[in-house]
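Single-letter residue listing:
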Amino acid sequence: MQEVLTNNSPRLHENFSQVVKSYYQLTKPRIILLLLITTSAGMWMAAKGEVEPLLLVSTITGGALASASANTINCVYDSDIDYIMERTRWRPIPSGRVKKRDALIFAIALATISFTLLTVVANLLAALLAMSGIVFYVLIYTHWLKRHSVQNIVIGGAAGAIPPLVGWAAVTGDLSWGAWLLFGIIFLWTPPHFWALAMMIRDEYKEVGVPMLPVIEGDEETARQIWIYTLLMIPATLLLVYPLNLAGAVYAGTAIFLGAIFAQKAWLLLQTPEDKIVARSLFKYSILYLMLLCAGIVVDSLPVTHNFTTALVQNVQTLISAVVM
Ligand code: HEM
Ligand SMILES: CC(C)=CCC/C(C)=C/CC/C(C)=C/COP(=O)(O)OP(=O)(O)O
């Protein structure tokens with residue numbers, strides 16, 4: 001008996017870790033990471049740089065579980081087209097590693113734990129916002145728009161902009177202008193983020209009949225719309241500084257610098273819409289952009305940065321008046 005167990009245990013262990021890996025992949029973990037970074041930015045800004053550690057960890061965990069649930073249901077719903085597309089064929093459901101029914105039970109369990117955790121440790125508003133993110137992403141984007149409208153990701157993109165609202169609500173219990181502006185920034189960021197990728201893999205979407213903008217309107221029109229959203233997004237990022245006065249010089253410098261690179265890449269794509277390397281560069285940069293913009297929000301809202309920039313501005317003012325006098 002002992003011998004049988006010993007011989008079988010490596011294989012048992014291997015099978016178990018394969019199962020865990022498959023369920024982990026269902027949740028699209030790399031996308032969750034960026035969603036959590038935006039949640040954290042919302043929390044830091046709402047708390048003016050002083051977030052309670054327990055609240056931070058619980059909100060991040062609750063947000064991660066809700067996003068994981070949404071992504072898993074999306075994998076269940078889209079398994080037919082995921083099976084056909086090269087990029088998604090390896091996913092756990094189309095490759096036969098996880099059954100649809102099991103994935104659905106897993107998603108319901110994740111959503112239930114998320115709702116409970118957010119309600120108990122944060123508040124009901126944060127929990128309801130996280131659940132509305134799941135419902136919006138699954139019903140409005142995945143079920144209703146993705147396969148039927150060329151504006152699918154513009155309207156559906158609102159789901160991906162909900163995480164900072166969850167973070168803000170967890171800290172303050174309500175949603176103010178700052179929270180809605182963070183929502184708006186991510187809403188405007190989503191079309192350039194996604195359409196740049198869709199330009200790279202346009203033929204795959206065409207094959208499965210998903211009406212993404214490059215499939216329906218072509219690369220030139222897509223590049224033009226990416227450019228327009230970029231031009232709207234960059235000034236929107238600066239509204240946090242003026243008139244909302246929720247961020248200072250560190251954030252302003254970061255947003256202008258990062259925005260200039262974004263604009264340069266979007267402009268290049270406008271000049272060469274057929275160039276997949278340029279589209280790929282914009283897609284990759286869009287992810288780095290949002291990460292660094294959120295890092296800018298966090299650093300800017302820390303009390304030490306706030307004190308430093310205030311002192312710096314005062315010293316410059318004193319110097320100017322001394323020179324002028
Ligand atoms: C409707 C809105 C959105 C659509 C349609 C979309 C679509 C996509 C797609 C198709 C990919 C490629 C994934 C893959 O290769 O498996 C991707 C990658 C990614 N998306 Fe989005 N996205 C959206 C919004 C967001 C939002 C709001 C975030 C986070 C704030 C985000 C973060 C990411 C990240 C981090 C990646 C890279 C993942 C990797 O490295 O594999 N996306 N997106
Ligand atoms: C608060 C909360 C829980 C919000 C939910 C946010 C959420 C899960 C956003 C995901 C956005 C996204 C990656 C869409 C891609 O779907 P797709 O079906 O076009 O991608 P695919 O082709 O790779 O499957």
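How each quantity is defined
- Residues numbered from 1 in each chain as written.
- Chains lettered and ligands numbered in written order.
- Predicted model: local features only at pLDDT ≥ 70, side-chain atom pairs only at ≥ 80, totals over all residues.
- Heavy atoms only, no water.
- UniProt positions renumbered as here; feature names shortened; annotations may be inferred.
- Near = heavy atom within 4 Å.
- Polar contact = N/O pair within 3.5 Å; in protein donor to acceptor, adjacent residues only side chain to side chain.
- Areas by Shrake-Rupley, 256 points an atom, 1.4 Å probe, with all protein chains shown as cover.
- Helix = DSSP H or I, 4+ residues; strand = E, 2+ residues; numbered from the N terminus.
- Nonpolar A, V, L, I, M, F, W, Y, C, P; charged D, E, K, R; others polar.
- Salt bridge = Lys/Arg side-chain N within 4 Å of Asp/Glu carboxyl O.

Where an unreviewed UniProt entry is consulted, the protein chain appears under the name Protoheme IX farnesyltransferase, with the organism given as Phormidium nigroviride PCC 7112. Of the protein chain, the UniProt comment under Function (unreviewed entry) reads exactly: "Converts heme B (protoheme IX) to heme O by substitution of the vinyl group on carbon 2 of heme B porphyrin ring with a hydroxyethyl farnesyl side group."

Student: Hey, could you run me through the site of ligand 2 in this one?
Tutor: Around ligand 2, 19 residues are found, and the nearest of them are R87, R91, Y137, Y141 and K146. The contact in question runs from an oxygen atom of ligand 2 to an N or O atom on the side chain of R87, over 2.8 Å. Separating an oxygen atom of ligand 2 from a side-chain N or O atom of R91 is a distance of 2.8 Å. Summarising the interface, the protein chains cover 88% of the accessible area of ligand 2, which totals 630 Å² for the free molecule. Taken together, the elements giving at least two residues each to the shell around ligand 2 come down to α2 (29-46), α3 (53-77) and α6 (124-145). It is α3 that provides the largest number of residues to the shell around ligand 2, a total of five residues. Within the shell around ligand 2, the residues separate by chemical class into 10 nonpolar, four polar and five charged.

Student: Please explain the site of ligand 1 as it appears in this structure.
Tutor: The environment of ligand 1 is formed by 19 residues, the closest being R30, R87, R91, H193 and F194. Take R30: an N or O atom from its side chain is 3.0 Å from an oxygen atom of ligand 1. Contact distances for ligand 1 include 3.4 Å between an oxygen atom and a side-chain N or O atom of R87. Those elements giving two or more residues to the shell around ligand 1 turn out to be α2, α9 (177-200) and α13 (276-301). Broken down by element, the shell around ligand 1 gets its largest block of residues, five residues, from α9.

Student: I'm lost on the pattern of salt bridges in this one. Help?
Tutor: A side chain with one charge can pair with a side chain of the opposite charge if their charged atoms come near. Here the structure, examined in full by the defined rule, presents nine salt bridges. Here R101 ties to D102 by a salt bridge, and the two come within 3.5 Å at their closest N and O atoms. Here E221 ties to R224 by a salt bridge, and the two come within 3.0 Å at their closest N and O atoms. Of the two residues, E221 and R224 are both situated in helix α11 (residues 213-238); the distance of three residues between them amounts to about one turn of the helix. Each member of the salt-bridge network shares a partner with another, and the members are D78, D80, K146 and R147.

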